[in-house]
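What follows is the residue order along each chain.
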Amino acid sequence: MRVMAQMSMIMNLDKCIGCHTCSVTCKQAWTNRTGVEYVWFNNVETRPGVGYPRGYEDQEKWGGGWVRTKRGRLKLRSGGRLAKLSRIFSNPKLPGIHDYYEPWTYDYDMLINAPRTAHTPVARPKSLLTGEDMKISWSANWDDNLGGSLETMQDDPILTKMSEEVQAEFEKAFMFYLPRICEHCLNPSCVASCPSGAMYKREEDGIVLVDQDQCRGWRMCVSGCPYKKVYFNHRTGKAEKCTFCYPRIEVGLPTVCSETCVGRLRYLGLVLYDADRVSEAASVEDDKALLQAQRDIILDPHDPAVIEGARAGGIPEDWIEAAQRSPIWKLMQYEVALPLHPEYRTMPMVWYIPPLSPVVDVVTGSGNDGEDARTLFAAIDKLRIPIGYLAELFTAGDVAPVDASLRRLAAMRSYMRGVSIDDVRDERIANAVGMTGTEIEEMYRLLAIAKYEERYVIPSAHTEQAHALEEMACSLDFEGGPGMGGAGPFGSSSGPSVPVAVENFHILADRQTADRPSTPGRVNLLNWDGNGDADGLFPPTGMTEVRTPGKPGKRKEDG
Amino acid sequence: MTLEPNGGGLVPGKFLTASDLGGEAATAPRAEFKTVLLDQSGAPVVPNGSLGHRFTPEDEGSWNLDLGDVTPPLSLADLADTNESVEVLLPRFDLPPEAGSEHAGGSGVVVRGVPVRRVAGKLVTTVFDLLLAQYGVARAGLPGEWPSGYDDPTTPGTPAWQEEITSVPAEQAARLGREFADNAERSGGRSMILMGAGTNHWFHSDTIYRTFLALTTMTGCQGVNGGGWAHYVGQEKVRPLTGYSQYATAADWIRPPRQNIGTAFWYLATDQWRYDGLPADQLASPLARGVFQDRTTADCLVESVKRGWMPAHPTFSRNPLDLCDEAEAAGKEPAQHVVDSLTDGSLSYAVEDPDAPENFPRVIDIWRANVLGSSGKGNEYFLKHLLGTESAVRASETPEDARPRDIRWRDDAPIGKLDLLMTADFRMTSTTLFSDLVLPAATWYEKYDLSSTDMHPFIHSFSPAINPPWQTRTDFDIFGSLAERFSQLARTHLGVRRDIVAAPLQHDTADVMATPHGVPRDDLPLIPGQTMAKLIVVERDYPNLAEQWKALGPLTAKLGMTTKAVTYRPDVEIERLARLNGTVASGPFAGSVRLDSDKRACELILAFSGTSNGRLAVQGFRELEKRTGQRLAHLAEDHEGAHITFSDVQVQPRSVITSPEWSGSEHGGRRYTAFAINVEHLKPWHTLTGRQHFYLDHDWMEDLGENLPTFRPPLDMHRLFGDGRPGTTRRIGGPYAAQQTEVTVRYLTPHSKWSIHSEYQDNLFMLSLSRGGPTIWMSAEDARKVDVRDNDWIEAYNRNGVVVARAIVSHRMPEGTVFMYHAKDRTVDVPIAETSGQRGGIHNSLTRILLKPSHLIGGYAQLAWAFNYLGPTGNQRDEITTIRRRSQEVEY
C-alpha cells in the first residue's frame, strides 16, 4: 500500500441552475488571453446535448482515454509510442477549431465612432481568427437549454447509444446541466500521451499540470484526454489546462469555479488512495466494475493502517486530518457520488451526484406527490430512460449504482419532510436505502445546508515542500501564460514574472494607469487581458478618426 | 357586504359601514370609513382598526385589529337563525364575448346563491360567502348554478374548468391546492408562493396578484416566516426608507416633490395614446353600469389626473411658475387662482392636450437606466415621437370615431419632441446610443453608496476599489456639477420663484378618505385635496440650488419626517450629524449640516432611518402605539442605542433594526417577512377595513367586474387591434419562396437567466456562451410551419414594429408561443429588417403601453397613489407577433 493524497471535487447536479458563473469567472481568471480565446477550462453543458467540444464523448472518433487489451493490460486508445510517432506532425484525432467554436468579437468601435449613416450604428460580429465578418453559427454553449435540439440532439454520443424510441421519448423527459473541469485523474491518459514528458501529476495533491518549459506542442495530450480538457494555445504553441486553481488551493482557498458557484454545488477536499493499486483498478475487465474498483482503492482515512501509511508516505498530519473531514470522502461513503465516464479508465477524480430533480419533475407532472418516498422509489424503478442516460454518463451503463444514489437522495427528501413538517423521524425510510436516520440527517446537512467550511476542506500547502510547488516556484510565468501579471516595457506580456495569486491586483492597478492605445481599430476585448490597452477601445488622444464604410480608417489631427 | 339590485338580479355592492347603521354609530367621525361585521348573534359590530379609526383624534388608540369578545362568523350560514338566501350575479370573462356585443364587455354571468340577512334595512352577506360563490364552492340549500364536482368543466372555478385554460391537469391542480393548504395547516402557515416577474407583466396582473393573495390569506400564511407571498419583482426595498426619502426628494428643503407615474408619462410623451384607442368599456363587466361607456383607457387617465388620483407633470397647460405670478398679479392665492381658472376654462390639464408644444417634454436626463434598450414598452414609438429618429411603427393612428373623448386630437402628431436627451451611464446601451450627451459614470466599484434589497435584511456599502477611471465621475459628482452650473445660469435666467405643485391624493394620509364608498362624484365643486389634487405653493431658490444640495435644509427639523403616516423627529440625529459631517462654513446656509460628499449623504440616510437608527425606530413605534393602543416599541427597544454609520457598513453589511417603516420584524434575530407586525401585534393593514381585502368596492372595480379576484384571459389583440389570430398561418408568397408562409404566435419577453435587464448578457463572455446576438425561441412545430431551421434569420412583426433575430428552435418551447428574452439591446448583431428597411428592433419594438383603468384609481383607502407602490403597470405579455423566415443574406 502506497498512500497518496488527491485533491478532488464533487458536484451536486441537482443544484446546478446552468448560470455559467463558474465558466465566466474561470475564464476571467485563467484564459482571458490571446491564443486561448476558444478555451474554457470550466464549461457547463446542457444534457442531453453534444457538449464542448462537440461530441467529445465519442471516443471511436477521438480516441481518448485507455482501452484494456486482451492480455488485461491498459493501452492508450490512440495507440502506443510508435503509432504516435507516425502521427506526430499530422494528428487526425485532434478536434478542429470548429469542433470547439470559432471565437468572435464585435466591432464595438462602430458604436462610438460610426460615421453619419442612414441607420443607427451596430457592432457586427467579427471572427477572432480571421478578423472577417461572420455569421455566428456555433459557440461554447450553443445548445444551451436544448436550444436547437432538433439539429443537435441526434449527435449526443450518449443518446446515440440509446435506441431511437428512447431518443424520441427523452425529448419530453428531462434536462439537466453538467459543469465540467479537468478530472485530475489518478490514471491520466493525457500525461501518458505526452511525448515530451511535459505533463505531470503533482505528487503532493494529484493536480495534473503542464510544464510550459517542457511542452513542445505535440498536442498528443489533447487527443489523449477523453474529456477534451487539455487545450492548445495557438499563440504560444503549448498545451494548457485547468490547474485546479492550485495557487488558491495551496493557500487553502477553493477554486475560482467553486468559490463563485451560485448554487453552492461544488465540494472540495482530499481523498487518500492506494497508488500501488491504481493500474490494477483501471484494468479490471468489465467496464461496469470500474466504479467499484475505483471506490476500492480510495482509502478510509480513519483506518489506523492507512494513517500509518500516510505518515510513512510523508503526508503531513494536518492533511490526514483534512482527509478525515473531507466532504469528498463522506459523499463517496454515502455512495451518492459517481465518476464521469469511468469506462475511459483514467480514474477521474471529479465526481457527480446525479440529479434527482428531473425524476421528481416527471412524478409531480403526472399528478403525484414528488416527495413521497414510495412514489419516488417506484418512479426511479420505472423511469428507465433518464436513469439509463445517467448510467451511460456515470457508471458505464450500469443502472444499479445510479438507482442506489437516486434512492438515497429520494429518501433524504422524504425523511426530511417528515422531520420539518410532522416532526417525525421515520427510520423505515432511511433503512429502505440502507442508511440510518442519523446518517441521512448528516448527509442532509452536507448536501442541503452545505456550509462553506463543510463544503471546502482544503489544507494549505506546507512551506517545507515549497520547492515542489508551483506557486512558490512561479512556473506559470511562461510567455503568454496567466502568470504574466504586469505590463512590462514591451507590452502586456513582457517584463518580470509575478506570482499568480497577486495577478489581479496588478491588473487592477494597470487598468487605472494604462495609457491609451496609440492606434485605433477593431476592439478585441477577448484578446485584452486587462493589461495595458485594448486596441480601439478608446479614441487616440488628440486624434479624430474619419472613416468611410468598407474602407480602412484614415486619421487626421484634431484642430 | 350589501347586495344591490342590478338588471334583473342582485349583485355584490358596497361594504356596510357605520354610516349605514343609523343612530350613534352613524354620527361617529368618519363613519363611512368604518366597516361593519356581525357577531355570533347576527348583530352589527363596528370593529376597531378600519380606515375610519386611523386619522381621527377621537379614535386614538383604537386603530387595531383587536376584536375583543367578538367572533365574527365567516359565513352567514354559520348563524343558526339565517334562513334566507338569494342569487347573486357574478361576471365571467373566460369565454370570448358574443360577436357584435363586445362593447358589453366580458362574456357572461354566473348565477350563484349566498345566505343573506337584513341589517339596518339592507340586504347583506359576508365577503366569505361571496368568495365561495365566486369559486363555485357548493353548499346545501343555496340557489344558483353550481359545479357538480371538481371534474365539472362547464362552470368557472373548478379544477376541470381551469384545465381547459391552463392545460395544467385538473388532478394536479387539485392535488397542489390540497398540499398547499395541508402544508399550511400542519406547518402553521408556511406555504409560500414565490413568484417571478412574469405574472406582473400581464395586462390583468392585478387579478393574478389578488388570486395569489386570496390563496395565501385563506390558508393563513400571511405574516408567517416561510409562508405567504414572496414577490420576486425587482429587488427594490429601500430599507433605510425615511432617510432615503428625505434625501432623494429634497424633503429637507421643499415639500412635496414632483413625482410621476412613469407608465402614463411615457404613454403620452411617446404618443402611444394616438394609436391605442382601447375602448375602456370593452374591458368592462357584462354587468357594468356605464362608468366606462364611450371612453378609452386614455380617457380614464385624464379622469384620474383631474380627480387628483394619479400625479401627472406637467400638470397644467401653463407653466406653474407663471401661474403663481398670475395669481400674485390678480391678488389671489395661487391655489385659488388655479381652481378659478380651471372652473372658468381658462386653464386646462396638460393630459388633455399632450401634443401641445407647451405640454410635451423637451429635455430628458436619464440616470443609469436603459429606457430605449430595456424597459420602455413601445420602443418604436419612443423613437418616432420622442426622438424623431428612424422608427418602424406600423400601426395606423386611431380612426376618428374611436379616439379618446377627453384628449385633444392634433392632426399632425409631433415628431421628435425632445430637444435634448442626456444619459449618465457606464455602459454603451441603446439609450446612450441615442443620447445627445453621454456622461460617463463610475461603476459600483468606483464610488461610495448604499444598497439594500428585499432579498436579505442587510444594508451594504459600496466603497471604491479604484478611483473613477478616465473621464468618469460618480453619480454624486455628476449631479453636483450639474447643480453648480444650473445655479450659475439661474442667477440670470430664473431667480427665486414661487411654484405650485399639484400633489395627488396620497396613500397613508387622510387624503384617502376623499371618496366615501368608492363612489366618484361629478356634482361637487373643485376642492384641492378632496375632489382634485392638492395645490401646494413652494419657493424655488434656483440660484442657490447647488448650495441647498450641499446642506441639510430646515424642514427636517421643523416638520419632521413622515413615512407611512408615522412622523419621526430627528432632533438628536441632526445634532449628531452636524458633528459627524461638520457644518457649512459660509454662505447663505452657514451652520447647516454638510452634505457635500457621497459619504456624508450616506450618513444622512442612515441617521434618519429607523431601520438603521434604533432611537428613531423606537420613537416611531411609540407614536404607532398611541394610534393603535398596542404594544410595539419592544420590537426595537433592544436596539434603541444602536446607530449604524457608514463606516459600520463598510466594515461589514449590517442587519437592519425592526422599524415601523416596514411591516416585518427582525426582532430577536428572526428574518424579515412581510406583515409579521400586523399579524402578531394586531396592527391594521393600511386598507379600508384594516384587514387584507378579498373584495374591493370601488365603482370602477365593479364596472370592471373585479370586485372579487377573478380570471381574466390575455387581451385579444386580434379583436382589439386587428393583429393576426394566434395559431394561424398565412401564405405570403415572399421573395425567397413562392409558397412562403408566416405564423402568428404569442410573444413573451421574459427575464433571461443571464442578465439583470440589459446588463451582463451582452458582455463578450456571455455572448460566447450563448448565440451571440438577438434570438427568438420558437417551437419545432411553429418553425416547421414557416420553414425555419435553428439559427435561421427571421423577422417578427406586429403593428408596433419589427424585430430581426435568429431563431432558436427547441422542442422545449410550446407550439404557439415564442420568447424573445427581455433587454436585447440594439448594439450587437442587429441587421437591417426587410420588413421596415431599417435597423431591426429590440424586444420592446413589438410591445406598446396599455393602461388598465383599475390601476388608475386613487383617493380611496388602499387604492391611492404612492411613489413606486401604486399606479399603472408597464405590461407587455398579452402581445402577439407574426413570424416569417427572411433572406439569410443580412445587411447591416
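Quick caveat: nothing in here was measured; it's all calculated off a predicted structure.

(A) Seen up close, the pattern of salt bridges. Inspection of every chain in the model, using the stated rule, returns 87 salt bridges over all chains. Of the charged contacts in the structure, one is a salt bridge between B:Glu303 and B:Arg295, with a shortest N-O distance of 2.6 Å. The exposure classification of B:Glu303 matches that of B:Arg295, with both residues buried. For B:Asp499, the salt bridge identified is with B:Arg540, shortest N-O distance 2.8 Å. Separated by 41 residues along the polypeptide, B:Asp499 in strand β15 (residues 496-503) and B:Arg540 in strand β16 (residues 534-541) bring together distant segments of the chain. Assigned by exposure class, B:Asp499 and B:Arg540 land together as buried. Taken together, the shared-partner salt bridges in this structure form one network comprising A:Glu45, A:Arg47, A:Glu57, A:Asp156 and A:Arg180.

(B) Spatial organisation of the packing of aromatic side chains. Counting across every chain of the model gives 33 aromatic pairs over all chains. With a centroid separation of 4.6 Å and an interplanar angle of 35°, the aromatic rings of B:Phe476 and B:Trp549 are classed as tilted. Taken together, the positions of B:Phe476 in helix α16 (residues 475-493) and B:Trp549 in helix α17 (residues 545-549) put the pair 73 residues apart, joining distant regions of the chain. Residue B:Trp549 is classed as partly exposed on the basis of its relative accessible area, which comes to 24%. An aromatic cluster is present here, built from A:Tyr38, A:Phe41, A:Tyr52, A:Tyr100 and A:Tyr231 joined pairwise through their rings. Against the face of A:Trp40 rests A:Lys27, its NZ or CZ located 5.1 Å from the ring centre.

(C) Up close: the nonpolar core. One finds A:Ile10, A:Tyr101, A:Tyr106, A:Leu331, A:Phe394 and A:Leu406 to be the most contacted residues of the largest nonpolar core, which totals 159 residues. Considering each element in turn, this core owes the most residues, nine residues, to helix α21 (residues 399-422) of chain A.

(D) Seen up close, the UniProt feature "domain: Molybdopterin dinucleotide-binding" (unreviewed entry) in chain B. UniProt annotation of "domain: Molybdopterin dinucleotide-binding" (unreviewed entry) refers to residues 746-857 of chain B when read in the numbering used here. The straight-line gap between the two end C-alpha atoms of residues 746-857 of chain B is 29 Å; of that span, 10% is helix and 24% is strand.

(E) The interface of chain A and chain B, seen in detail. Of the residues lining the interface, 56 residues belong to chain A; the matching set on chain B comes to 52 residues. Between chain A and chain B, the buried area comes to about 4,600 Å², and carbon and sulfur atoms account for 58% of it. At the junction of chain A with chain B, the criterion picks out three salt bridges. A salt bridge links A:Asp422 to B:Arg186; its shortest N-O distance comes to 2.4 Å. Along the contact surface separating chain A from chain B lie 25 residue pairs in polar contact (both at pLDDT 80 or more).

(F) Representation of the domain arrangement of chain B. Under the domain assignment used here, chain B contains domain 1 (1-146) and domain 2 (717-885). Each of domain 1 of chain B and domain 2 of chain B has a C-alpha centre, and the two are 43 Å apart.

(G) Expanded view of empty space enclosed by the protein. All names here are of chain B. This structure, assessed with the given rule, holds 18 cavities of 30 Å³ or more. The volume enclosed by the largest cavity comes to roughly 190 Å³. Together, 18 residues line the largest cavity, and Phe265, Leu268, His313, Pro314 and Val351 are the ones closest to its centre. Across the lining of the largest cavity, the residue classes tally to 15 nonpolar, three polar and no charged. By volume, the second largest cavity amounts to about 140 Å³. Only β2 (9-12) and β5 (84-92) provide two or more residues apiece to the lining of the second largest cavity. Broken down by element, the lining of the second largest cavity gets its largest block of residues, three residues, from β5. Broken down by class, the residue content of the lining of the second largest cavity amounts to seven nonpolar, six polar and one charged.

(H) Representation of a nonpolar patch on the surface in the model. All names here are of chain B. There is a patch of nonpolar side chains on the surface, built from Phe486, Leu494 and Leu545 and spanning about 200 Å² of accessible area. When you line up the elements, Leu545 lands in helix α17. Of the residues examined, Leu545 reaches a relative accessible area of 33% and is grouped as partly exposed.

(I) Examining the side chain of B:Thr689 more closely. Inspection of the secondary structure assignment puts B:Thr689 in the loop between α24 (676-681) and α25 (699-703). Taking relative accessible area as the criterion, B:Thr689 reaches 11% and is therefore assigned buried.

(J) Just the packing of helix α15 (residues 304-312) of chain A against helix α16 (residues 317-325) of chain A, in detail. Residue and element names in this part refer to chain A. Between α15 and α16, whose axes approach to 10 Å, the crossing angle comes to 145°. Classified by chirality, the crossing of α16 by α15 is right-handed. Facing α15, whose interface residues are Ile307, Ala310 and Arg311, α16 presents Glu317, Ile320 and Gln324. Grouping the constituent residues of the contact of α15 with α16 by class yields three nonpolar, one polar and two charged.

(K) Fine view of the environment of B:Ala780. Among the structural elements, B:Ala780 can be located in helix α28 (residues 780-785). Residue classification places B:Ala780 among the buried positions, given a relative accessible area of 7%. Along the primary structure B:Ala780 and B:Val45 are separated by 735 residues, whereas in three dimensions their C-alpha atoms are 62 Å apart. Here B:Ala780 is in contact with A:Leu150, B:Val809 and B:Ser810, once residues within four sequence places are set aside.

Rules of the game
Here the residue numbers are simple positions, counted from 1 along each chain's written sequence. As a convention, the first chain written is A and the first ligand written is 1, with the rest following in written order. At least 70 in pLDDT is required for a residue's local features to be given in this predicted model, at least 80 for side-chain atom pairs to be given and counted, and no such filter applies to totals for whole chains, interfaces and linings, which use all residues. To obtain the side-chain values, all non-hydrogen atoms of the structure were used and water was disregarded. The term salt bridge refers to a pairing of a side-chain nitrogen on Lys or Arg with a carboxyl oxygen on Asp or Glu at a separation within 4 Å. Accessibility here uses a 1.4 Å probe with only protein chains present; expressed as a share of the type maximum, an area under 20% marks a residue as buried, one over 50% as exposed, and anything in between as partly exposed. Helix and strand assignments follow DSSP, with helices taken as H or I runs no shorter than four residues and strands as E runs no shorter than two, numbered in order from the N terminus. Any pair of Phe, Tyr and Trp rings, taking the six-membered ring for Trp, is counted once the centres come within 6.5 Å. Such a pair is stacked with planes under 30 degrees apart, edge-to-face with planes over 60 apart, and tilted for the rest. A ring has a charge above it when a Lys NZ or an Arg CZ is no more than 6 Å from the ring centre and no more than 35 degrees off the ring normal. By nonpolar core we mean a set of buried residues, namely Ala, Val, Leu, Ile, Met, Phe, Trp, Tyr and Cys, connected to one another through side-chain atoms within 4.5 Å. UniProt positions are given in the numbering used here, feature names are shortened, and annotations may be inferred rather than shown by experiment. Contacts are assigned to residue pairs with any non-hydrogen atoms lying within 4.5 Å of each other. Here the buried area means the combined drop in accessible surface, using a 1.4 Å probe, for two parts upon being joined, counting both sides. Any pair of nitrogen or oxygen atoms within 3.5 Å is treated as a polar contact; in protein, a donor-acceptor pairing is required on top of that, and neighbouring residues in sequence qualify only through side-chain atoms on both sides. Domains are outlined according to an automatic or database domain assignment. Using a grid of 1 Å spacing that covers the protein atoms alone, one calls a set of points a cavity when a 1.4 Å probe fits there but cannot get out, and a pocket when the set is open and has protein on both sides within 12 Å along at least five of seven lines; lining residues are those with an atom within 4 Å of a point. Grid points are joined across faces, edges and corners, and a volume is the space filled by probe spheres set on the points. Gly is put with the polar residues, along with every residue not named as nonpolar or charged; the nonpolar set is Ala, Val, Leu, Ile, Met, Phe, Trp, Tyr, Cys and Pro, and the charged set is Asp, Glu, Lys and Arg. Candidates for patches are residues over 30% relative accessible area with no salt bridge; among them, like charges are joined within 9 Å and nonpolar side chains (Val, Leu, Ile, Met, Phe, Trp, Tyr) within 5 Å. Accessible surface area values rest on a Shrake-Rupley calculation with a 1.4 Å probe, where residue burial reflects the displayed protein chains alone. The axes are straight lines fitted to the C-alpha atoms, using for helices just the contacting stretch, and the angles between their N-to-C directions are given from 0 to 180°. By the definition used in this description, the sense in which the near helix is turned from the far one sets the handedness, with an anticlockwise turn below a right angle giving left-handed and a clockwise turn giving right-handed.

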